[in-house]
Structures are given as C-alpha cells and as structure tokens.
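# Architecture and fold: a report
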Amino acid sequence: MKHSVCLLEAVNLALASEMRRDDSIVLLGEDIGVNGGVFRATASLREEFGLKRVMDTPLAETMIAGLTVGMSTQGLKPVAEIQFMGFIFPALEHIICHAARMRNRTRSRLSCPMVIRAPFGGGIHAPEHHSESTETLLAHIPGLKVVIPSSPARAYGLLLAAMRDPDPVIFLEPKRIYRSVQQEIEDNGVELPIGKCFTLREGSDITLLSWGAMITETLEAAAALKEQGIHCEVIDVASISPLDTETILTSVRKTGRLVIIHEAPRNLGLGAEIAATVAEKALLELQAPIARVTGYDTVMPYFRLENHYLPNTQDIIDAVTQTLEFS
Amino acid sequence: MNTQNHLQFLDCEGVPTQALPKWAEEPDWFLKCYHFMVLARQFDTKAIALQRTGQLGTYASLLGSEGIDVPVALSMQSDDVLVPYYRNHACQIIRGLPLEDAFLYWGGDERGNAAIEMGKDFPNAVPIATQSLHACGVATAMKINNLKQATVTFIGDGGTSKGDFMEALNIAGVWHLPVVFIINNNQWAISVPREIQSAANALADKAIAAGIPGIQVDGNDVIAMREATNQALQRAYEGKGPTLIEAVSYRLCDHTTADDATRYRDNDELKAAWHREPIKRLRGHMVNQGWWDEEKEKALLHEINKTVQKSADNYIKMAPQAVESFFDHMYAELPEHLVEQRDWAVVKAMPGGSHHQEGE
C-alpha cells in the first residue's frame, strides 16, 4: 500500500512498521505518548502499542539516555526521542562513555542496539537552543553511527535500518524539511543501507555534497546551474558516520571539482573531514580547490537573523561558479 | 514513607544488639559469607602488591566494603543483574567473575569485562553515577518482559551528589522499577568527606523526594546487610518497586593505588574505623556461636592464599590481546575506514614496524 507522506510522517510510518514486526522495539521520550511528540513523530503509536512500548518519561535527558543504554543491553531495542538536538547535551555522557563503548569494552559480551532520534537544524523560527546543527560532535565519536535523512523515502528506509542495526545509531531529523515535501512511499519494510551515500543527480562538471535540509538548496542550485549548461552531481551523504568515502571519491575523480555544503559551523565541520580525505586520496585528480558552503563559526543567531546564517541556493551557485572558474 | 535509621544486629565484637533473624541460627550462610569476605580481602592484598611491583594498573581497593558486597551478592539470584560502580569486585567475584579476569581488568585488559560468567551484568562504571540510570534501564527491561528479577546497583557516597543518581531514584519511583540501590557510604570520596557531599542527615533520606523507601544499614554488619537486601529484593520481585539502602561503612584504604589518604585523613579516625571492620565482627560472632576457631581460620587462610596466588600467576602469564582486538569490537561489522586503519595497526605491530614490541 502506498502512502503519500512528508518526512515527519515517514518517521512515524517506519516506527509503526518496525514495531509491528519486532516486539523488542520500545519508544521512550518526553511527550511522545499521549501527545505523540511535539512534532507528532510518534502520533497514535501509544494507542496501537500501549504504555509499555511507548513510554512518556519524566523531563530528564540524562535519564532517557541512561535508561536507553540499560535497556539495550538486555534484549530490548529502545528508540529514544530527544525533543530537540539542543537538549541532547545532558545525554552525551551516556551516549559517548557507554553506548558507544559497551561492545568494545566488554569484547562484545554486551552491546547497545539502540536509536536516539532528535530533530535538528535551523530555519523554522524556533526559540533559542532549538536550531543548532551539532552533528559533528557525534560523528567524531568512535562506536556511534550518525544518520541524517533528507527525504521521506530515505527517512523511512534509513530509520528501519537504524532500528535493525546491532550498534547505537543517532538519527538526526532535519526539522526544516519535516513537512515541506510529500513523497509516495510503500510501507514494505525495505531498509536503506547505513554507511552509503545516495547520488541524487548525476553530472560530470562538479560534485556537490550535502546532507539533511541543505539538500533542498543543493538540488535547487543544481537545477539552476543546469540552465547555464553546468552539470552538477549531487550526493546526499546521509550517513555522516561511517562515511562512504568510496562514493565520494569516485564522484570527485569523475568531476575533478567539489563543493561541500552544510548548515553546521565551518570549523571542524564534517566538510573539513571530507575535504581532508579527498586531499589525501585524490589530490592530483582535483582541478580546483575544494570549496565549502557552511554556517558561520558563531552562535546560531536568534530567528530574526537566522536566514543570514543559513547557506542559501545563491551561496551554492556562487561557490560552484568560482570553483569552475578556477584554472 | 520515611527512612529508617541504622539497622544493626551485631556490635563491633560480633555480639548481638537485638534478637537475630531466624535464618541466623544456622552456620552455613555465615561460613560461606566469611569465606568470600576473606577471599575478597586476600584478592585485594594481592592486587595492591601487584600494582606496587608494576604488574597491575591503578587499582581501586575494596578494603572495608566486604561486609556490604558479600551479603548482597549472596542474596542475589543468578539471573538478577548487577550494575556495579568500580569498587564491587567482591560482589563480581561471587557472581562468577574468575579471579584471573578480575586481575586482568585492573591490569588494563578489556577481557576482564568479557567473562561469560558475568552474564548480563554490567562492566564497572568508571564515570560517576551513570550506572544508577543503566540499572533503571535494565530494570525497565525486566518489567517490560514480565520477568521476576531484580537489578542491583551500587554507588559511593560521593556519587549520590550527581544528578544521575537523583534522576535514577526519581524514575525508579515513578515506574516502580525492580531495582535496589545500594550506597556504599564509606565516608570519603577521594579526599572529600561525607559532610561536604550533602547536608542530608542520612544519604538514605534522598529516597524521600523520590517517594521510595530508604533505609540506613550498618554496612559492617553482614546480618543487617542480608536482611535489608533480602527485603529490598523481595519488594522488587513482587512488583512493589525500588529500595534505597545506605550501607554505612568506612574506606579502610586509599581511594585507589594512585591516592595517598594520609594527606587528608586523620589517622585516629582510620584506627577507630578498624575497630568496626566487618571481618573481625563476623569472626567474633562465629567464634561466640562455636562455629569457628583458630584451626579453621588457619586452614581457610591457607586455602584462599593458594587460590589467589594461582590466579595471580595465571593472570601474569596471559599474553596481551592482539593489536587488532581494539578494532574488532567497535561495531558488529567493521566499517570500511576502520578496516584500513586496522591494517595499519597490524602492520605497525609487526617486526620492523614502528609499534613493534619485543615478545609480541
């Protein structure tokens, strides 16, 4: 059966679908039960799966993460929601010091098959602390996987994969595009691979790499540039950890030019790691310096100025033009 | 719901201070308890000796906690889950952790967390108080799966100052989780004494805000510890929810082998604490009951000494893990970039490589 869903509804569809298949999946978080989540990602799941599988927790992120670690070692597959990524920091000790290390430090005697979902990123005129993109902090931690969908279909397929993964997965949902695009998807239980990029548009002149909400502007820029006869290859990185360097390198070797686009601050953003990897492995195949289109190294401005912070389509077009002009 | 003050059955000499429970008429449990307390202490002595001679890493001594860990471990069922902090080796050993593996852990080797005998018990929590929340997660799993099991978790007096501990008591209360929290209040968090941790009259009083029962127990008195633990476990098995036990003891050792308590602790206080220590107290009771004498003591010490020495010898003979082992358990399946880095590490460890070590 096909469903026309937005990214947010695709998250809901994947959760319900996998919970029907796998009794060991339980959800926990703030306001996820009766209220169905502040964005409604877990809407109606309490009614279908009951109190024991859709748990409203007290308001304490450290506790949510700590419980998730504990449950995951005992045969359950908890999927925790952190209401906004700006509130994930109290949970980090449990994610970094325990979830990410449990398998290694017990030589696989125990492991933490768990998912932590959190909406992230700017552009919805939200209160302070509700708009940051801090995905690099988590991508830097060995033992985690960090996945970011950029369409309803990828949200569905990647969240299924996250729930089936034997290791902890951080699933970051770009809330700016939660409801912006509808897509027909079939609730067929087919997952998409974690650790693989998705090539959204093929092109021979330049490679554009992005993830999450910025995929929207990246695709817009590619479409506009096509009008000028410039053929962009657009790749959705999707899994920012582990990174699919093979797909990235193959594309860069083909086009010789690379622009990396992300909303997160420039300094030590994932763009830096990708640029370093390309420099190490494909320097002589580059025809121009790698360009980055990113947020600034500032505190995310409060919403009146957030559009000045967020990269836009013109920024990407400008970066592509400059990269192509380099000789 | 209020906290109860200081449950005690035996005074410092092992003389009853009130009528003993019925089960205390039989010697078997006491003999077993004594055996493990002596074993724990000899393990501890050996571990410190190994550390002082460069054969073990920084080690957290258990000295003074035997009267807590041993009765607790003996009260637990094998399918209960232990979520320890880093001073529960006595409890872990009774639950099946081979002595060799206990040495191995403090000797810097992850295999010390891997023993199959540990079942689903957690490895040591080194960050403070995080284990309290993991225990609640484990207990939530038990509850969801309708298992008649309990989770037991320990924490030091210093750890009770952390938010994780309070968040754990809170959720355990709200969800009626089958979990037993045991505070080893040994009066010192490295150099910081109990009165600087909290203005609470008793740490067990922290249960009040969470709406759960809290009880303060003489942690040098194995009868009191068994009584309190059994009651708490029964409550958990019967679906009545969590209990907080504050076991009052004294850290008879330095914080770890990297610490020197003479810098901050009065020697008279330590001397007075030795007067209250748990092994002497239990032995006093057993002698008074006619269950124990010099000869039995000598035989036990000899037997345990042999066991501990053999385990230490076995530990020392164990070769380090292969270098690639620190890659192989990062994920269920090794990602591409780690396959590449693993190869580098293996090559560098080979003869002629930059990280090659003689004997590997």
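Not measured: the values here are computed from a predicted model.

Reading the values: rules and limits
Residues numbered from 1 in each chain as written. Chains lettered and ligands numbered in written order. Predicted model: local features only at pLDDT ≥ 70, side-chain atom pairs only at ≥ 80, totals over all residues. Heavy atoms only, no water. Contact = heavy atoms within 4.5 Å. Buried area = accessible area lost by both parts, 1.4 Å probe. Salt bridge = Lys/Arg side-chain N within 4 Å of Asp/Glu carboxyl O. Helix = DSSP H or I, 4+ residues; strand = E, 2+ residues; numbered from the N terminus. Nonpolar A, V, L, I, M, F, W, Y, C, P; charged D, E, K, R; others polar. Expected span 1.5 Å × (residues − 1). Buried < 20%, exposed > 50% of the residue type's maximum accessible area, 1.4 Å probe, protein only. Pairing = 2+ DSSP bridges. Axes fitted to C-alpha atoms, helices over the stretch in contact; angles between N-to-C directions. UniProt positions renumbered as here; feature names shortened; annotations may be inferred. Parallel < 35°, antiparallel > 145°, perpendicular 65-115°, else oblique. Left-handed = near helix turned anticlockwise from the far one by under 90°. Domains from an automatic or database assignment. Polar contact = N/O pair within 3.5 Å; in protein donor to acceptor, adjacent residues only side chain to side chain. Core = buried A, V, L, I, M, F, W, Y, C linked by side-chain atoms within 4.5 Å.

### Some words on the interface of chain A and chain B
In this assembly, 39 residues from chain A lie in contact with 43 residues from chain B. Buried surface at the junction of chain A and chain B, summed over both partners, amounts to about 3,500 Å²; 61% is from carbon and sulfur atoms. Considering only the side of chain A, the residues that lose the most area to chain B are Arg105(A), Arg107(A) and Arg109(A), jointly responsible for 23% of the buried surface there. Remark: the boundary between chain A and chain B carries three salt bridges. The closest approach of N and O atoms between Lys281(A) and Glu340(B), which form a salt bridge, is 2.9 Å. Residue assignment for the side of chain A that touches chain B shows that the elements contributing at least two residues are strand E3 (54–56), helix H3 (61–72), helix H4 (92–99) and helix H5 (102–105) of chain A. Top contributing element to the side of chain A that touches chain B by residue count: H3(A), with seven residues. Along the lines of polarity and charge, the residues of the side of chain A that touches chain B split into 16 nonpolar, 13 polar and ten charged.

### As for helix H5 (residues 130–144) of chain B
Residues and elements named next belong to chain B. With 15 residues, H5 ought to run about 21 Å at 1.5 Å a step, and its terminal C-alpha atoms sit 22 Å apart, in line with that. The element H5 is extensively covered by neighbouring structure, given that 14 of its 15 residues are classed as buried. Downstream of H5 by a residue or two, Asn146 has a phi angle that is positive, lying close to 55°.

### Some thoughts on the sheet that holds strand E5 (residues 115–120) of chain A
Residues and elements named next belong to chain A. The strand order across the open sheet formed by seven strands is E3-E2-E4-E5-E7-E6-E12, and the pairing between neighbours is mixed. The strands lining the two open edges of the sheet, one partner per strand, are E3 and strand E12 (239–241). Sheet twist, expressed as the average angle between the axes of neighbouring strands with direction ignored, equals 20°. Across three bridges, the pairing between strand E6 (residues 145–147) and strand E7 (residues 169–174) is parallel. For Val147, the partnering residue across the bridge sits in E7 and is Phe171. The sheet strands contacting helix H1 (residues 7–21) are strand E2 (25–29), E3, strand E4 (77–81), E5 and E7, and the helix crosses E2 at an angle near 135°.

### Points about the UniProt feature "domain: Dehydrogenase E1 component" (unreviewed entry) in chain B
Cross-referencing UniProt, the feature "domain: Dehydrogenase E1 component" (unreviewed entry) maps to residues 35–312 of chain B in the present numbering. Segment residues 35–312 of chain B splits into 48% helix and 11% strand. End C-alpha atoms: 19 Å apart.

### Some details on the packing of helix H1 (residues 28–52) of chain B against helix H2 (residues 66–75) of chain B
All names here are of chain B. Closest axis-to-axis distance for the H1/H2 pair is 9 Å, and the angle between their directions is 130°. Of the possible angle classes, the one that applies to H1 and H2 is oblique. Judged by the sense of rotation from one axis to the other, the crossing of H1 with H2 is right-handed. Touching Trp29, Lys32, Cys33, Phe36, Met37, Ala40 and Arg41 of H1 are Glu66, Gly67, Val70, Pro71 and Leu74, all from H2. Partitioning the contact of H1 with H2 into residue classes produces eight nonpolar, one polar and three charged.

### Let's talk about the domain arrangement of chain B
Domain annotation of chain B identifies domain 1 (4–317) and domain 2 (322–360). Computed over C-alpha atoms only, the centres of domain 1 of chain B and domain 2 of chain B are separated by 38 Å.

### A look at the environment of Trp175(B)
Here Trp175(B) lies in the loop between helix H6 (163–174) and strand E4 (179–185). With a relative accessible area of 15%, Trp175(B) lands in the buried category. In sequence terms Trp175(B) and Thr140(B) are 35 residues apart; their C-alpha atoms lie 8.1 Å from each other. Ignoring sequence-local partners within four residues, the contact set of Trp175(B) consists of Met55(A), Asp56(A), Thr57(A), Leu67(A), Thr140(B) and Lys143(B).

### Focus on the sheet that holds strand E11 (residues 232–236) of chain A
All names here are of chain A. One open sheet holds the five strands; their spatial order is E9-E11-E10-E13-E14, and the pairing between them is mixed. The open sheet has two free edges, formed respectively by strand E9 (198–201) and strand E14 (291–295), since each of these has just one partner strand. Put simply, the sheet's adjacent strands are angled 25° from each other on average, direction ignored. Bridge count for E9 against E11 is three bridges, and the pairing is antiparallel. From the neighbouring strand, Thr199 faces E11, where its bridge partner is Ile235.

### A word on the pattern of salt bridges
For the structure on display, the rule yields 30 salt bridges over all chains. With a shortest N-O distance of 3.6 Å, Glu263(A) and Arg176(A) are connected by a salt bridge. With Glu263(A) in strand E13 (residues 258–265) and Arg176(A) in the loop between E7 and strand E8 (183–186), this pair connects stretches of sequence that are 87 residues apart. Look at Glu263(A) and you get buried, because its relative accessible area is 7%. A salt bridge links Glu13(B) to Lys280(B); its shortest N-O distance comes to 4.0 Å. One end of the pair, Glu13(B), is in the loop between strand E1 (4–7) and H1; the other, Lys280(B), is in helix H11 (residues 278–288), and 267 residues separate them in sequence. Given a relative accessible area of 42%, Glu13(B) falls into the partly exposed group. Through salt bridges with shared partners, a single network forms among Glu18(A), Arg21(A), Arg164(A) and Glu191(A).

### Things to note about the domain arrangement of chain A
Residue and element names in this part refer to chain A. Domain annotation of chain A identifies domain 1 (2–186) and domain 2 (198–325). Taking the mean C-alpha position of each, domain 1 and domain 2 sit 26 Å from one another. In this assembly, 26 residues from domain 1 lie in contact with 26 residues from domain 2. Between domain 1 and domain 2 lies a buried interface of about 2,100 Å² when both sides are counted; carbon and sulfur atoms form 56% of it. It is His125, Arg154 and Arg176 that lose the most area in domain 1 upon contact with domain 2, and together they represent 25% of the buried surface on that side. If you look at where domain 1 meets domain 2, you find three salt bridges. Across the pair Glu217 and Arg176 runs a salt bridge whose closest N-O atoms are separated by 2.8 Å. Scanning the region where domain 1 abuts domain 2 turns up twelve residue pairs in polar contact (both at pLDDT 80 or more). Elements represented by at least two residues in the side of domain 1 that touches domain 2 include exactly helix H6 (135–139), E6 and helix H7 (152–164).

### Examining the packing of H2(B) against helix H9 (residues 222–237) of chain B
All names here are of chain B. At a closest axis distance of 9 Å, the pairing of H2 and H9 adopts a crossing angle of 40°. Of the possible angle classes, the one that applies to H2 and H9 is oblique. With respect to the hand of their crossing, H2 and H9 are arranged in right-handed fashion. Contacts from Gly67, Ile68, Pro71, Val72 and Ser75 in H2 reach Val222, Met225, Arg226, Thr229, Asn230 and Leu233 in H9. Tallied by class, the residues present in the contact of H2 with H9 amount to six nonpolar, four polar and one charged.

### What to know about the nonpolar core
Of all hydrophobic cores here, the largest spans 81 residues; its most connected members are Leu67(A), Ile88(A), Ile95(A), Leu138(A), Ile274(A) and Val278(A). Per-element accounting of this core gives the leading share, eight residues, to H5(B). When residues no more than four places from it in sequence are discounted, the contact partners of Ile274(A) are Leu209(A), Trp211(A), Val237(A), Leu243(A), Ile248(A), Leu258(A) and Ile260(A). Counting residues in each nonpolar core, the second largest holds 71 residues, with Leu39(B), Met225(B), Leu233(B) and Ile304(B) among its members.

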